[in-house]
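# Tertiary structure, described
Each chain, letter by letter, is given below.
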Amino acid sequence: MTKPRVLIAEELSPATVEALGPDFEIVECDGADRAQLLPAIADVDAILVRSATQVDAEAIAAAKQLKVIARAGVGLDNVDIKAATQAGVMVVNAPTSNIVSAAELAVALLLASARNVVPASSALRNGEWKRSKYTGVEVADKTVGVVGLGRIGVLVAQRLSAFGVRLVAYDPYVQPARAAQLGVRMVTLDDLLAESDFITVHLPKTPETVGLIGDAELHKVKPTVHIVNAARGGIVDEEALYRALVDGRVAGAGLDVYAKEPCTDSPLFTLENVVGLPHLGASTDEAQEKAGIAVAKSVRLALSGELVPDAVNVQGGQLAEAVKPMVPLAEKVGAIACSLADAAVERIDVEALGEIAEHDVRVLELSALKGVFQQLVHDPVSFVNAPVLAEQRGVEVALTSDATSGDHRSLLRITLTQTNGQKVSVAGTVSGGRDVAKLVEVDGFDVDVPISDHLGFFRYHDRPGIVAVVGQVLGDGGVNIGGMQVSRDASGHALIVLTVDSPIAPEQLEAIVTQIEAHSGRAVDLA
C-alpha cells in the first residue's frame, strides 16, 4: 500500500518527524512561498505548519486529497477553518503546547516594563550609567488585571500571585466561584481598567475581541499603568496605545504580538517605555517540541480515521473511556442502518442509553452521521464534513441520552426516518474485555451478532427449510458463513442476520430473496 504523504511546510522540531514514525512519506516545502506551496499541497494527505504558511481557501481547493491541516502551535489565524470544514478537512492544533512558555513570557514582559530593563540595558551598552533615570516600580502590593482567564491567563495569575499582588480578572465565560479558588476577583472590564496597576491580555483574537482595549478604554486607566499583550495582535489598539504612551496616560507597555506581522516599523518601537519582542511567546525549545509531537500524534489518529480530541472543527467533546469503544460502533451501526433503508433519509435519531449517558456523547452523533453518509455519497466523509452533508441535504439530526438501557450496560440505537414515512432502527453495544461490537436489535427483532465486515439481512415469513436454502446458495457461491442468527416475532415474521467471510454477490442475494420469497434482502459491506 502507498504510504500517506505528509507535507511539512515549515521548520519543525526533529521530534515531530520521529513522532510521525515510518508509516508516512514526508515531503517538505517553504510554505511561505505560494509558488512552492500550491503544487506541493496538491497530492498530500496532511500538512503541518506553524504561523508563516497561509492555508487559505485557495490552498485548500488545490489540495485534492487533503485530510488534515495541523498547526504546531495554538493560534489558527493562518488557517481558513470554514473552507477546511466545507472540504471535510480536519484542522488540529496543539492547544496546550506553549501555554507555559507564553505565560512565562507575559510575566517577563511585565517585569521588564516595570523595571525599565530594556532601555537601561541599552543605555549601559552605549556607555551610559543612568541609575536615576531608569527608576522602576515594584510589582508587590499592586493590582494586576488579567484580561482573559483561560489556560494561559490562569498560569500568569498563579505565577504573579507569588509576587504578593492583588489579582482581578475580566472574562465573561468564567464563573466567579472558579476564579475565587485561584485567588482572583472577577470584575467588569471598566473596573479592571480603573483599578489595575498592571494589565496583561490573554484572549483569543475574535471579531468581539479585536480593539477591545482601544482609545476609550485607555482613557479609563491609571497614568501609572503598564500594559502587556502577549496574546494576539489587535486586541490592544496599537495606535491608541501609542497616543496614550506619548500623552503620559499609560506608563509603559510590553508587546509580543502586533495587528500585522511581521512588524518592524511600528511607532511604538520609537518609545523607550515600550518593550517589543518579535512574537516569541511559543519560541522555546520545550514548546516547539511539545507542539510538534502533539500535532504529529493528531495526524496519525486522523489519517487512521479516528477522532482527534484537539480537532478544532469537530464538536465531539472530550472522550470518556466508556465512550471510546462506542465511537466505531456508532459508525458501523449508522452504515448498517443506512444500508437497510430503501428510500431517502430525512431524519436521523441517535440514542445513547445506559452507562454512557453519564458522559458527553456528542461524538456518537458525529460518528453515526459519518457511517450513514459513507453509504450515501461518493466523496470522502469525515467527522468534519458529516454534519455539513446532513445540513446541505436538509436531514434533521437529533441526539438523546437516557440512563435506562434494558438488558445492556450501554446501548446505541440509530433510527432513520425515510421520506416514504418508513423507519429503520438498528441498535448495537460492545461487550467483553476486548469491547467486541455487536448488533442487538434490528427493526424490533432481538439479535446478538458480532459485527463483521460483511453481513447479510433477510426478512421473510418463517417456515421450515429457509436456513438450508440460504446456506446452499452461499455455499455454492463459495461464500463461507461465519455466523447466523434467526429472530422472529409473534406474527411469524422472521429475520436472518448473517456474518460472512466475503461479500455476498448480487446474484447470490437475488437467488436467496427469490427462493425464500423474502420481503427484503440486503448485503452490507463495511470493509
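Our subject in this report is the structure included herewith.

Basis of the calculations
Residues numbered from 1 in each chain as written. Predicted model: local features only at pLDDT ≥ 70, side-chain atom pairs only at ≥ 80, totals over all residues. Heavy atoms only, no water. Axes fitted to C-alpha atoms, helices over the stretch in contact; angles between N-to-C directions. Helix = DSSP H or I, 4+ residues; strand = E, 2+ residues; numbered from the N terminus. Parallel < 35°, antiparallel > 145°, perpendicular 65-115°, else oblique. Left-handed = near helix turned anticlockwise from the far one by under 90°. Contact = heavy atoms within 4.5 Å. Nonpolar A, V, L, I, M, F, W, Y, C, P; charged D, E, K, R; others polar. Buried < 20%, exposed > 50% of the residue type's maximum accessible area, 1.4 Å probe, protein only. Pairing = 2+ DSSP bridges. Right-handed = clockwise from strand over helix to strand, strands pointing away. Core = buried A, V, L, I, M, F, W, Y, C linked by side-chain atoms within 4.5 Å. Patch = residues over 30% accessible without salt bridge, like charges linked within 9 Å, V, L, I, M, F, W, Y side chains within 5 Å. Areas by Shrake-Rupley, 256 points an atom, 1.4 Å probe, with all protein chains shown as cover. Salt bridge = Lys/Arg side-chain N within 4 Å of Asp/Glu carboxyl O. 1 Å grid on protein atoms, 1.4 Å probe; cavity = no way out; pocket = protein on both sides within 12 Å on 5 of 7 lines; lining within 4 Å. Points joined across faces, edges and corners; volume = space filled by probe spheres on them. Arc of directions from axis to C-beta. Polar contact = N/O pair within 3.5 Å; in protein donor to acceptor, adjacent residues only side chain to side chain. Lys, Arg positive; Asp, Glu negative; His and termini not counted. Charge placed at Lys NZ, Arg CZ, Asp CG, Glu CD. Phe/Tyr/Trp six-rings, centres within 6.5 Å; stacked < 30°, edge-to-face > 60°.

## Some points on the packing of helix H5 (residues 99–114) against helix H7 (residues 151–161)
Here H5 crosses H7 at 50 degrees, and the two axes come no closer than 9 Å. With respect to H7, the element H5 is oriented oblique. By crossing handedness, the relation of H5 to H7 is classed as right-handed. Facing H5, whose interface residues are Ile99, Val100, Ala102, Ala103, Glu104, Ala106, Val107 and Leu110, H7 presents Arg151, Ile152, Leu155, Val156, Arg159 and Leu160. Across the contact of H5 with H7, the residue classes tally to 11 nonpolar, no polar and three charged.

## Regarding the pairing of strand S6 (residues 143–147)
Along S6, five of the five residues are buried, which leaves the element largely enclosed by surrounding structure. Going residue by residue along S6, you find Thr143, Gly145 and Val147 tucked away on one face and Val144 and Val146 tucked away on the opposite face as well. Bridge analysis of S6 against strand S7 (residues 166–170) gives five bridges, and the strand direction is parallel. Counterpart to valine 144 in the pairing with S7 is leucine 167. In the classification by handedness, the crossover that spans S6, the intervening H7 and the parallel S7 is right-handed.

## Here we look at the sheet that holds strand S16 (residues 423–431)
Taken in spatial order, the six strands of this open sheet run S14-S13-S15-S16-S17-S18, and their pairing is mixed. Looking at the sheet topology across the chains shown, the edges are occupied by strand S14 (396–402) and strand S18 (445–450). Neighbouring strand axes in the sheet, compared pairwise and without regard to direction, differ in orientation by 20 degrees on average. As judged from the six bridges shared by S16 and strand S17 (residues 436–442), these two strands associate in the antiparallel manner. Within S17, the residue paired with valine 430 across the bridge is alanine 437. Strands strand S15 (410–418), S16 and S17 of the sheet are contacted by helix H13 (residues 326–340), whose axis makes an angle of about 155 degrees with S16. The strands touched by helix H14 (residues 362–374) are strand S13 (345–354), S14 and S15; relative to S13, the strand with the most contacts, the crossing angle is about 140 degrees.

## Here's the deal with the nonpolar core
One recurring pattern in soluble globular proteins is that nonpolar side chains are buried together. Core analysis: the largest hydrophobic core is formed by 72 residues, its most contacted members being Ile336, Ile348, Leu364, Phe373 and Phe457. Per-element tally for this core: the top contributor is H13, with nine residues. Beyond its immediate stretch of four places on either side in the chain, phenylalanine 373 contacts Ile348, Val381, Ala386, Leu389, Ala390, Arg393 and Val395. Within the second largest apolar cluster, 30 residues are counted, among which are Val221, Ile235, Leu241 and Leu268.

## Thoughts on a nonpolar patch on the surface
Among the surface-exposed residues, Val467, Met484 and Val486 lie close enough to one another that they form a single nonpolar patch of about 210 Å² accessible area. Inspection of the secondary structure puts valine 467 in helix H16 (residues 466–476). Judged by relative accessible area, valine 467 falls into the partly exposed class, the value being 42%.

## Focus on the layout of surface pockets
A volume near 670 Å³ is recorded for the second largest pocket. Forming the boundary of the second largest pocket are 31 residues, of which Lys67, Gly88, Pro380, Val381 and Ser382 lie nearest the centre. Ranked by residues supplied to the lining of the second largest pocket, first place goes to helix H15 (residues 386–392) with three residues. Along the lines of polarity and charge, the residues of the lining of the second largest pocket split into 15 nonpolar, 10 polar and six charged.

## Overview of the sheet that holds strand S9 (residues 198–201)
With parallel pairing, seven strands are arranged side by side in an open sheet as S8-S7-S6-S9-S10-S11-S12. Each having just a single partner strand, strand S8 (184–186) and strand S12 (274–276) make up the two edges of the open sheet. Within the sheet, the average angular offset between the axes of one strand and its neighbour, ignoring direction, is 20 degrees. The sheet strands contacting H5 are S9, strand S10 (226–229), strand S11 (252–255) and S12, and the helix crosses S10 at an angle near 155 degrees. Docked against the sheet, helix H11 (residues 238–247) engages S10, S11 and S12, running at close to 150 degrees with respect to S11.

## What to know about H11
Looking only at H11, the buried set comprises Ala240, Leu241, Ala244 and Leu245. Down the axis of H11, the smallest arc covering the buried residues is 135 degrees, so these residues share one side. In H11, the exposed residues that point more than 90 degrees away from the buried face are Glu239 and Asp247. On its buried face, H11 sits against helix H10 (215–218), S10, S11 and S12. The opening residue of H11, the one whose side-chain oxygen lies 3.0 Å from the backbone nitrogen of glutamate 239, is aspartate 237. Among the residues trailing H11, glycine 248 stands out with phi positive, at a value near 80 degrees.

## What about a negative patch on the surface?
A cluster of acidic side chains, namely Glu18, Glu104, Asp285, Glu286 and Glu289, defines a negative patch on the protein surface. Positionally, glutamate 18 belongs in helix H1 (residues 14–20). Classification of glutamate 18 as exposed rests on a relative accessible area of 65%.

## Points about the packing of aromatic side chains
The final tally for this structure, using the stated rule, is one aromatic pair. On the numbers, 5.5 Å between centres and 90 degrees between planes, the contact of tyrosine 258 with phenylalanine 269 is edge-to-face. Remark: phenylalanine 269 occurs in the loop between S11 and S12 and tyrosine 258 occurs in the loop between S11 and S12; sequence separation between them is 11 residues. On the accessibility criterion, phenylalanine 269 (33% relative accessible area) is partly exposed.

## A short note on the packing of H13 against H14
Interhelical geometry of H13 versus H14 gives an angle of 35 degrees and a closest axis separation of 7 Å. Considering how the two elements wind past one another, H13 and H14 form a crossing that is right-handed. Across the interface between the two elements, Met326, Val327, Pro328, Ala330, Glu331, Gly334, Ala335 and Cys338 from H13 touch Val363, Leu364, Ser367, Ala368, Lys370, Gly371, Val372 and Gln374 from H14. Here the residues of the contact of H13 with H14 sort into 10 nonpolar, four polar and two charged.

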